[in-house]
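# What the coordinates show
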Amino acid sequence: MAKFTNFGDVRQTQFCVHCGGPTETKDHAPSKVFLDQPYPLTKPTLPSCGGCNNSFSDDEEYVAALIECVVHGTTDPDCLRREKVAKALRRNTALRGRIERSRREAEALGGGRLLTWTPEEERVRRVILKLARCHAAYELNEPQLEDPDHLLVVPLVSLTNDQREHFETPPDTGVWPEVGSRAMLRLVEGGAGFAGGWCTVQEGRYRYMAVGAGSAMVRGVISEYLAYEVIWGP
Ligand SMILES: [Zn+2]
């Protein structure tokens with residue numbers, strides 16, 4: 001993924017992107033738990049206060065582990081593909097137990113097994129909101145400290161064909177991003193990891209798009225499984 005320096009209004013980068021507090025640390029978005037080694041050369045970082053930065057890691061580990069377990073239909077670390085998640089579940093048996101308890105197996109109508117998982121919604125929401133706030137600030141130079149007007153998290157496979165096409169296609173806003181913002185630079189120069197409006201941080205692991213036009217919208221896909229859309233404004 002190409003790295004673009006933000007030439008936008010620097011007043012927008014002088015505070016924690018999550019709470020407006022001091023800029024004590026740098027927060028990675030997406031955090032490394034959603035990526036595999038070798039990591040991409042450039043990973044977006046955002047100013048964050050220490051409190052916010054430390055507050056997400058348990059939830060992020062949970063979401064990354066949940067996705068990997070759902071994708072492979074098991075919490076057995078030996079059956080997972082992502083080594084980082086397998087390691088986390090071996091180390092953190094409480095986490096594995098928690099995810100295991102959210103798993104339900106039932107006889108499907110017409111035979112076979114039906115496997116369902118019940119995510120801890122509040123934790124998923126916190127992680128998604130964190131990611132979206134970071135991408136909005138990084139790409140659009142528009143930090144969003146308010147609660148979003150819309151936040152949707154769904155498995156990509158649950159979308160109908162029409163919904164999927166809508167989701168994958170950047171909205172045609174007709175409005176140009178802020179001059180000097182990364183979104184503007186990508187629009188003009190393109191670059192590695194950027195195609196069809198999406199920034200691919202790591203193939204198969206994490207991609208996102210950010211569109212700003214009066215309102216700000218961020219969409220993302222984690223592990224090509226979990227899709228989200230967050231919107232501030234109408
Ligand atoms: Zn903060």
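This report concerns the structure included in the present document. (Residues numbered from 1 in each chain as written. Predicted model: local features only at pLDDT ≥ 70, side-chain atom pairs only at ≥ 80, totals over all residues. Heavy atoms only, no water.)

## Comments concerning the packing of aromatic side chains
On inspection of all chains with the given rule, the structure shows two aromatic pairs. With a centroid separation of 5.6 Å and an interplanar angle of 50°, the aromatic rings of Phe167 and Trp198 are classed as tilted. In this pair, Phe167 is assigned in helix H6 (residues 161-168) and Trp198 in strand S7 (residues 198-202), connecting sequence segments 31 residues apart. Grouping residues by exposure puts Phe167 and Trp198 together as buried. Pairing Tyr206 with Tyr208 gives two aromatic rings, centres 6.3 Å apart and planes at 55°, and the pair type is tilted. The class for Tyr208 is buried, based on a relative accessible area of 0%. Note that Arg207 overlies the ring of Trp198, its terminal NZ or CZ placed 4.4 Å from the centroid. (Phe/Tyr/Trp six-rings, centres within 6.5 Å; stacked < 30°, edge-to-face > 60°. Helix = DSSP H or I, 4+ residues; strand = E, 2+ residues; numbered from the N terminus. Buried < 20%, exposed > 50% of the residue type's maximum accessible area, 1.4 Å probe, protein only. Lys NZ or Arg CZ within 6 Å of the ring centre and 35° of its normal.)

## Digging into the pattern of salt bridges
The final tally for this structure, using the stated rule, is 18 salt bridges. A salt bridge links Glu105 to Arg113, with the nearest nitrogen and oxygen atoms 2.5 Å apart. Taking the relative accessible area as the measure of exposure, Glu105 reaches 42% and is therefore partly exposed. A relative accessible area of 59% means that Arg113 is categorised as exposed. Ionic pairing is found between Glu168 and Arg164, a salt bridge with its closest N-O pair at 2.8 Å. (Salt bridge = Lys/Arg side-chain N within 4 Å of Asp/Glu carboxyl O.)

## Things to note about the sheet that holds S7
Pairing is antiparallel across the open sheet formed by six strands, whose spatial order is S5-S10-S9-S8-S7-S6. Each of the sheet's edge strands pairs with one partner strand only, and the pair in question is strand S5 (150-155) and strand S6 (194-195). As paired elements, strand S8 (residues 206-213) and strand S9 (residues 215-222) share eight bridges and run antiparallel to each other. Within S9, the residue paired with Tyr208 across the bridge is Gly220. (Pairing = 2+ DSSP bridges.)

## Remarks on the coordination of the zinc ion
Distances from the zinc ion to its protein donors, Cys16 (SG), Cys19 (SG), Cys49 (SG) and Cys52 (SG), fall within 2.3 to 2.4 Å. Of note is the zinc ion, whose four donor atoms meet at the metal with angles of 101 to 116° in an arrangement that counts as tetrahedral. When the donors of the zinc ion are listed by position in the chain, the intervening gaps give C-x2-C-x29-C-x2-C. Linking Cys19 in the segment before strand S1 (25-28) with Cys52 in helix H1 (residues 50-55), this pair joins segments that are 33 residues apart in sequence. (Donors = N, O, S within 2.8 Å, 3.2 Å for Na, K, Ca; no water. Tetrahedral: all angles 85-135°; square planar, octahedral: opposite > 155°, others 65-115°.)

## Details of the nonpolar core
Membership of the largest hydrophobic core comes to 45 residues, with the highest contact counts inside it found for Phe34, Ile99, Tyr206 and Tyr228. Contributing elements (two or more residues each) for this core: helix H2 (57-72), helix H3 (83-91), helix H4 (93-101), helix H5 (121-140), S7, S8, S9 and strand S10 (226-232). Among the elements that line this core, the one with the most residues is H5, at eleven residues. With near-sequence residues (within four places) excluded, Ile99 lies in contact with Tyr62, Ala65, Leu66, Cys69, Thr75, Leu89 and Trp117. Of all hydrophobic cores here, the second largest spans eleven residues; its members include Val154, Leu159, Val211 and Ile231. (Core = buried A, V, L, I, M, F, W, Y, C linked by side-chain atoms within 4.5 Å. Contact = heavy atoms within 4.5 Å.)

## Quick word on the pairing of S8
Here S8 lies mainly inside the structure; seven of its eight residues are buried. Hairpin connection of S7 to S8: three residues between the antiparallel strands, including Gly204 at a positive phi of 80°. With antiparallel pairing between neighbouring strands as the criterion, S8 and S9 make up a hairpin whose turn holds one residue, including Gly214 at a positive phi of roughly 80°.

## A short note on the pairing of strand S3 (residues 103-107)
Pairing of S3 with strand S4 (residues 113-117) involves five bridges; the strand directions are antiparallel. Considered in S4, the bridge of Ala106 is made with Leu114. Connecting S3 to the next strand, S4, in antiparallel fashion are five residues, including Gly110 with a positive phi near 85°.

## A word on unusual backbone geometry
That bond from Ala29 to Pro30 is cis: its omega, 0°, falls within 30 degrees of zero. Take Pro30: it is sitting in the loop between S1 and strand S2 (45-48). Backbone geometry at Asn141 places phi at a positive 60°, although glycine is not the residue there. When its relative accessible area of 1% is taken as the criterion, Asn141 is described as buried. Positive phi values are uncommon outside glycine, yet Ser223 reaches one of about 55°. A relative accessible area of 14% means that Ser223 is categorised as buried.

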